[in-house]
Amino acid sequence: MKQTHTQYLIIGNSAAAVGCIEGIRSADREGTITLVASEPYHTYSRPLISYLLEDETDEQRMKYRPDDFYEKNNVTALLGKTAADLDAKQKTVTLESGETISYDKLLVATGSSPFVPPIEGLNTVDKKTTFMTLDDAHWLEKEVTKDTNVLIMGAGLIGLKCAEGLSGRARSITVVDLADRVLPSILDETGGAMMKTHLENHGIHCVLSDSVAKFEPSAAILSSGTKLPFDVLVIAVGVRPNTALVAKAGGDVRKGIATDEHCRTTLPDVYAAGDCAESLDITTGQEKVLALLPNAYMQGECAGLSMAGNDKPYDKAIPMNAIGFFGLHILTAGSYEGEALTEQAEGAYKKLVVKDGVLKGFILIGDIARAGIYTSLIKNRTPLSEVDFDLLKDHPQLMAFSKKERKEMLGGVKA
Amino acid sequence: MKKVYVNEQWCLGCHLCEYYCAFANSGMDNMVDALKDKKIYPRIQVEEGNGINFAVNCRHCDDPVCVKSCITGALQIDDGVITVDQDKCVGCYTCILACPYGAVMPAEGGKVIQKCELCLQNACGEPACVKGCPNRAIVYEER
């Protein structure tokens, strides 16, 4: 079987892979890069599949990088090919098609896969999908019409973006989740209640604190006994990191692939980044999968730099989410354990969480202006005693910083 | 590279920079038609309080966290200037969540974001805010 060699091999073609390519190329213009990805498409922005359903974007504009990206960066892109096996000792990856690629440095950016729970009767449901890929979006475009009743399992980020995306296409949309609120991973009770009302005002029916006990071909029977008829089912109850390649090769895998601050796995010359890998959440000190596009890019870039011999640690990872529904925006960051300062107004909610004298996290709904000033306080672990926190509580502003810091920020004075 | 820098000791808080910015980016020829009786959406914003005033716009960071965070690839850095392709932007506001200066904001209507592009993309050709500042409280220079 054919064997080729590349200096840098990347498995995956999303944000982490692109970050890696840009990281490598900022340090090494020459080294050969080969990219392998199962999906046959030019790199595209996965979160945009819901915007595609709304006709807010199209396949051309969804491209995460321009058409000439691989060419310009001198990348051999093997699209539509799946990596089947990693031999970390021989430093080779074998593809399902049988060919083998040897590498000097490898990035595993395999992402995650939707989790499909084993529920009685699910196999009898004819029209069902998960919501992760361009193909999923195209399938929904085809299957969902004005006569379609859609049931979505999962009121998290993916399930609700799918609901919004389909809202103009379907006859009805019902979302069911075991959690007692929508967006339980990023919102507290107050924020969740506010968003639930907003979603319901836009025709999304939310069934919470309940779950599907079993399926009939065109209906879900919930634990409460409620029967929900549907035509199309979307399963969005969570994702699982794609860790098998690294696990099988003997690398450390917890929930995600274990990595250090340079995104190195425990296998020599093998790196991991993006939704398949764990990173250190500096707001809690825990290693976890931060399945977020900006995090994926920055991990990928860090890995790429390190692979090209230019180590620059990625040590500022925090959870951060920007998401909006029907014009109402939510920006959140960090973690929520600590003293909470909250403020509510018509169409707006703010929660700041303080612990150990630093800002740990926040939730902003509605009024999201300049939120990044809060984010940077979290990332930099800025002692709140060094800023005018009363001003910041009111709204994010640079006035809260010292004159000296402002000179660095706005006056070009080097720190 | 030339950037817009702030001399906060000279800022009067007059907000003229905001008007010049909104006008330069309106695509219109006449300032009155462009701005009179309208809510303006400038890409530079003055902070005021207790005798201290200063204008804030994009810092055109060397290592821009907004560009790295952009989920669509709409934000890009080219020769040090950070621009947004509003045709690609879907208004997710990840960049607003990421920018440490609070210098990215929703454009009028909220469907996409906007930011200072140093007036290199509009008819002005150099920062209109700086040209219009009566006090050299903002300058366009190398530092």
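Remember, predicted model here, so these are calculated numbers, not experimental data.

Visitor: In this structure, what is going on with the sheet that holds strand E24 (residues 358-365) of chain A? I would like to understand it.
Guide: Strand pairs in the sheet, formed through backbone hydrogen bonds, run parallel or antiparallel to each other. Residue and element names in this part refer to chain A. Spatially, the five strands line up as an open sheet ordered E20-E21-E24-E23-E22, and their pairing is antiparallel. Both edges of this open sheet fall to strand E20 (320-325) and strand E22 (339-345), since each of them pairs with a single strand only. On average, adjacent strands in this sheet sit at an angle of 10 degrees to one another, irrespective of strand direction. With seven bridges connecting them, strand E23 (residues 348-355) and E24 associate as antiparallel partners. Directly across from Leu-352, in E24, lies its bridge partner Phe-362.

Visitor: Just checking my understanding: could you explain the domain arrangement of chain A for this structure?
Guide: Many analyses report the size of an interface as the accessible area lost when the parts associate. Residues and elements named next belong to chain A. What the domain assignment reports for chain A is domain 1 (3-113 + 239-307), domain 2 (116-235) and domain 3 (327-410). Here domain 2 and domain 3 have C-alpha centroids that lie 33 Å from each other. Each side of the interface is counted separately: domain 2 has seven residues, and domain 3 has nine residues. Each residue belonging to the side of domain 2 that touches domain 3 can be placed in one class, and the counts come to three nonpolar, three polar and one charged.

Visitor: Before we go on, may I ask you to explain the nonpolar core in this structure?
Guide: A:Ile10, A:Leu107, A:Val108, A:Ala273, B:Ile96 and B:Cys129 are the most contacted members of the largest nonpolar core, which totals 172 residues. Apart from the residues lying within four places of it in its own chain, the contact partners of A:Leu107 are A:Ile10, A:Ile11, A:Cys20, A:Tyr271, A:Ala273, A:Ala303 and A:Met307.

Visitor: What is the right way to read the packing of helix H1 (residues 15-27) of chain A against helix H8 (residues 293-307) of chain A from this model?
Guide: Packed helices, taken two at a time, are described by the angle their axes make and the gap between the axes. All names here are of chain A. At a minimum axis separation of 6 Å, H1 and H8 run at an interaxial angle of 35 degrees. The way H1 lies across H8 gives a crossing that is right-handed. Between H1, through Ala-15, Ala-16, Ala-17, Val-18, Gly-19, Cys-20, Ile-21, Glu-22, Gly-23, Ile-24, Ser-26 and Ala-27, and H8, the contact on the second element is made entirely by Leu-293, Ala-296, Tyr-297, Met-298, Gln-299, Gly-300, Glu-301, Cys-302, Ala-303, Gly-304, Leu-305 and Met-307.

Visitor: For this particular structure, what's the right way to read the sheet that holds strand E12 (residues 212-216) of chain A?
Guide: All names here are of chain A. One open sheet holds the three strands; their spatial order is E12-E13-E14, and the pairing between them is antiparallel. In the strand order of this sheet, the two ends are held by E12 and strand E14 (227-229), each with one partner. Taking each pair of neighbouring strands and ignoring which way they run, the sheet shows an average axis angle of 20 degrees. The pairing of E12 with strand E13 (residues 219-222) spans four bridges and is classified as antiparallel. By the bridge assignment, Lys-214 is partnered in E13 with Ile-221.

Visitor: I would appreciate a short explanation of the domain arrangement of chain B in the present structure.
Guide: Residues and elements named next belong to chain B. We note that the domain assignment places domain 1 (1-57 + 124-143) and domain 2 (58-115) within chain B. If you average the C-alpha positions of domain 1 and of domain 2, the two centres end up 19 Å apart. Listed as interface residues are six residues of domain 1 and, on the opposing side, ten residues of domain 2. The class makeup of the residues in the side of domain 1 that touches domain 2 is three nonpolar, one polar and two charged.

Criteria and thresholds
- Residues numbered from 1 in each chain as written.
- Chains lettered and ligands numbered in written order.
- Predicted model: local features only at pLDDT ≥ 70, side-chain atom pairs only at ≥ 80, totals over all residues.
- Pairing = 2+ DSSP bridges.
- Helix = DSSP H or I, 4+ residues; strand = E, 2+ residues; numbered from the N terminus.
- Axes fitted to C-alpha atoms, helices over the stretch in contact; angles between N-to-C directions.
- Domains from an automatic or database assignment.
- Contact = placed C-beta atoms within 7 Å.
- Nonpolar A, V, L, I, M, F, W, Y, C, P; charged D, E, K, R; others polar.
- Core = buried A, V, L, I, M, F, W, Y, C linked by C-beta atoms within 7 Å.
- Buried ≥ 20, exposed ≤ 12 C-beta atoms within 10 Å, placed from the backbone.
- Left-handed = near helix turned anticlockwise from the far one by under 90°.

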